[in-house]
Amino acid sequence: MLEQILADMCIEPELLAELNEEQKQILFFKMREEQVRRWKEKEALLEKEQSLEKKSKKANEKSVKWLLGSDSDVWVWVMGEHLQDKTYDQICDDIMAERARQQAQREAEEIRKRNEEELVKRFSNALSLEPQIDSSLDSWKKKAIEEEQARLTEAAEQKRTELELKMKEEEERRRHEEELKRLEEERTQQIYMDLKEVQQTVQKREDKEWQESLRKSKAADVRRRSIAKQARDDHKRHSLKAVEHGRVAAMSKAFGGGKPLPPKPKPRNNIQRGHVTGSKSGLQRTLSTSTREVIIRWFKEEQIPLRAGYEKHTERLAPWFHGIISREEAEDLLSSKGQGSFLIRVSEKIMGYVLSYRCQDSFKHFLIDASEDSYCFLGVEQLVHSTLSDLVEYHKVEPITMMGREQLLEPCGQMGNCLDYSDLFQ
């Protein structure tokens, strides 16, 4: 069944509904591995075809030549690896310092314009208040000499006053410029510290989120490694168990100490692409079907000869065997039982079985593949058993999965006088 699913890369909804979460995960990984394998084969074939069809380039055709390094490989420069490259923190500091400097310059320029307007207005008013020279001498001819001397004296005094005002203005400008430079430096440092504080706040928040993400990813890696290790140990243990069981069976056969096993069924003729395999004339098998009559016919014609549902070496039906019942009915039967209780039921959707298991606070359902006249859990690489009783006896000692530690402890039998498997044996 698994080989057919991987060959078609498709699983029908009825079959998928019978799988539990662990079997769905395993089936997903196997289908993904098959996709990767097919993709690699296709890529290898494509590269081979391209290499055969490749032609020599013309002399005038444009081409790209990569610069090679000392190791004859393509030269690659990674920012931050050269000795002269700045680190990320240094680049961020330079950007913040430049932004702070530009902001402080803009503020200083506005203050400089206001100071210039105030200086021009103040010193222009001071010059306008100086006494004006009266140049009219027509009506004062008698006092021409005295007025001329007074005018000259007044002009000299005005010139001296203008010179003093100019010196004061230059001194005021110089003092204001020094004050502006000092304010600009202080403002630059203040803006830089504000930007640095904002960056540190954002970085702390991002670092906290990154650390949480890193912690989750490490925990997921540890969990995946643990699952892989447990799967390897499980496979190794099952392999050793298979060898041990083979030796015991061989010794029992040699000494004649065991009862004969059921006859080995005839091999099936599998058709990989048609979803159809058949072992008996008149019965066509598909991976999934919802017809109850077809499932009953399959059980009568194929499973009864294999002693499906019978206790080992007896003619009694096992207490854990149930007929065609739904998942909800199985959970109702197990709800009154303790942890480790189980039953095996004929699936109502496919030609196969389902092992329903009672956990501490939930239920699990494992699909049993019976398509090759043998019994094993679908997708789980475990031992293939010749009978359902062998599968049950084996998992009374060994858990079904290493993660869940599902060990079959107590079979769940029929409830009441009505037997749910009566229609299978009529």
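## A word on the overall build of the protein
- A tally of regular secondary structure across the protein gives eight helices and eight strands.
- Here the analysis covers contacts within the protein between residues at least 6 apart in sequence; of these, 57% occur between residues at least 24 apart.
- When the accessible surface of the protein is split by element, carbon and sulfur atoms take 54% of a total near 29900 Å².

## A closer look at the pattern of salt bridges
- For the structure shown, the criterion picks out 26 salt bridges.
- Residues Asp-94 and Lys-86 are paired through a salt bridge, measuring 2.7 Å at the closest nitrogen-oxygen approach.
- Residue class for Lys-86 comes out partly exposed when judged on its relative accessible area of 47%.
- In this structure, Arg-182 engages Glu-179 in a salt bridge whose closest nitrogen and oxygen atoms are separated by 2.2 Å. Of the two residues, Arg-182 and Glu-179 both sit in helix α5 (residues 144-255), three residues apart, roughly one turn of that helix.
- Accessibility expressed as a relative area gives 36% for Arg-182, which makes it partly exposed.

## Side note on the packing of aromatic side chains
- Taken as a whole and judged by the stated rule, the model has ten aromatic pairs.
- For the pair Phe-366 and Phe-377, a centre-to-centre distance of 5.7 Å together with 65 degrees between the ring planes defines the contact as edge-to-face. Taken together, the positions of Phe-366 in strand β6 (residues 363-369) and Phe-377 in strand β7 (residues 376-377) put the pair eleven residues apart, joining distant regions of the chain. Comparing Phe-366 with Phe-377 shows no difference in burial state: the two are buried.
- Seen in terms of ring centroids, Tyr-421 and Phe-425 are 5.9 Å apart; in terms of plane orientation they differ by 85 degrees. Their pairing is edge-to-face.
- With a relative accessible area of 28%, Phe-425 lands in the partly exposed category.
- What links up through ring pairs into an aromatic cluster is the set Phe-299, Tyr-310, Phe-321, Tyr-421 and Phe-425.

## Focus on the confidence of the model for the protein
- In the predicted model, the protein carries a mean pLDDT of 77, and 78% of its residues have values of at least 70.
- Low confidence marks residues 130-137, where pLDDT is under 50. Its contacts with residues over four positions away, or in another chain, come to nine contacts.
- The low-confidence segment residues 248-287 (pLDDT under 50) makes 62 contacts with residues lying over four places distant or belonging to another chain.

## Re unusual backbone geometry
- The phi dihedral of Arg-307 is positive, around 60 degrees, even though this residue is not glycine.
- For Arg-307, the position within the fold is in the loop between α6 (292-303) and β3 (321-324).
- The residue His-313 is not glycine, and still its phi comes out positive at about 65 degrees.
- Overall, His-313 belongs to the partly exposed group, its relative accessible area being 40%.

## Considerations on the nonpolar core
- One finds Val-346, Tyr-353, Leu-355, Ile-368 and Tyr-375 to be the most contacted residues of the largest nonpolar core, which totals 30 residues.
- Contributions of two or more residues to this core are made by α6, β3, β4 (341-346), β5 (353-358), β6 and α8 (388-395).
- The element contributing the most residues to this core is α6, with four residues.
- With residues near it in sequence (within four places) discarded, Val-346 still touches Ile-295, Trp-298, Phe-299, Phe-321, His-322, Gly-323, Ile-324, Ile-325, Gly-352, Tyr-353 and Leu-424.
- Leu-19, Leu-27, Leu-367 and Leu-378 belong to the second-largest nonpolar core, a separate cluster that totals 13 residues.

## Quick word on a negative patch on the surface
- Residues Glu-328, Glu-329, Asp-332 and Glu-348 make up a contiguous surface patch of negative charge.
- The residue Glu-328 is located in helix α7 (residues 327-335) in this model.
- Here Glu-328 falls in the exposed class, since its relative accessible area comes to 52%.

## Side note on α6
- The end-to-end C-alpha distance of α6 is 15 Å, a good match for the 16 Å that twelve residues give at a rise of 1.5 Å each.
- Those residues of α6 that sit buried are Ile-295, Ile-296, Trp-298, Phe-299, Glu-302 and Gln-303. Within α6, the buried residues cover an arc of 165 degrees as seen down the axis, which keeps them to one side.
- Looking at the buried positions of α6, the neighbouring elements they touch are β3, β4 and β5.

## With respect to the side chain of Asp-390
- Mapped onto the elements of the fold, Asp-390 is located in helix α8.
- Polar side-chain contacts of Asp-390 include one of 3.0 Å to the side chain of Ser-386.
- There is a polar contact of 3.1 Å between the side chain of Asp-390 and the side chain of Thr-387.
- Sequence-distant contacts of Asp-390, that is, excluding residues within four places in its chain, are made with Lys-312 and His-385.

## Digging into the pairing of β5
- Counting buried residues along β5, six of its six residues qualify, which places the element largely inside the surrounding structure.
- Alternating residues of β5 divide into Tyr-353, Leu-355 and Tyr-357 and Val-354, Ser-356 and Arg-358, and every residue in both groups is buried.
- Across five bridges, β4 lies against β5 in antiparallel orientation. Paired with Arg-345 across the bridge in β5 is Val-354.
- Hairpin remark: β4 followed by β5, antiparallel, with six residues in the connecting loop.
- Looking at chain direction, β5 and β6 are connected through six bridges and run antiparallel. Bridge pairing in β6 links Tyr-357 to Lys-364.
- Counted along the chain from β5 to the antiparallel partner β6, the turn is four residues long.

Reading the values: the criteria
- Residues numbered from 1 in each chain as written.
- Predicted model: local features only at pLDDT ≥ 70, side-chain atom pairs only at ≥ 80, totals over all residues.
- Heavy atoms only, no water.
- Helix = DSSP H or I, 4+ residues; strand = E, 2+ residues; numbered from the N terminus.
- Contact = heavy atoms within 4.5 Å.
- Areas by Shrake-Rupley, 256 points an atom, 1.4 Å probe, with all protein chains shown as cover.
- Salt bridge = Lys/Arg side-chain N within 4 Å of Asp/Glu carboxyl O.
- Buried < 20%, exposed > 50% of the residue type's maximum accessible area, 1.4 Å probe, protein only.
- Phe/Tyr/Trp six-rings, centres within 6.5 Å; stacked < 30°, edge-to-face > 60°.
- pLDDT = per-residue confidence, 0-100.
- Core = buried A, V, L, I, M, F, W, Y, C linked by side-chain atoms within 4.5 Å.
- Patch = residues over 30% accessible without salt bridge, like charges linked within 9 Å, V, L, I, M, F, W, Y side chains within 5 Å.
- Lys, Arg positive; Asp, Glu negative; His and termini not counted.
- Charge placed at Lys NZ, Arg CZ, Asp CG, Glu CD.
- Expected span 1.5 Å × (residues − 1).
- Arc of directions from axis to C-beta.
- Polar contact = N/O pair within 3.5 Å; in protein donor to acceptor, adjacent residues only side chain to side chain.
- Pairing = 2+ DSSP bridges.

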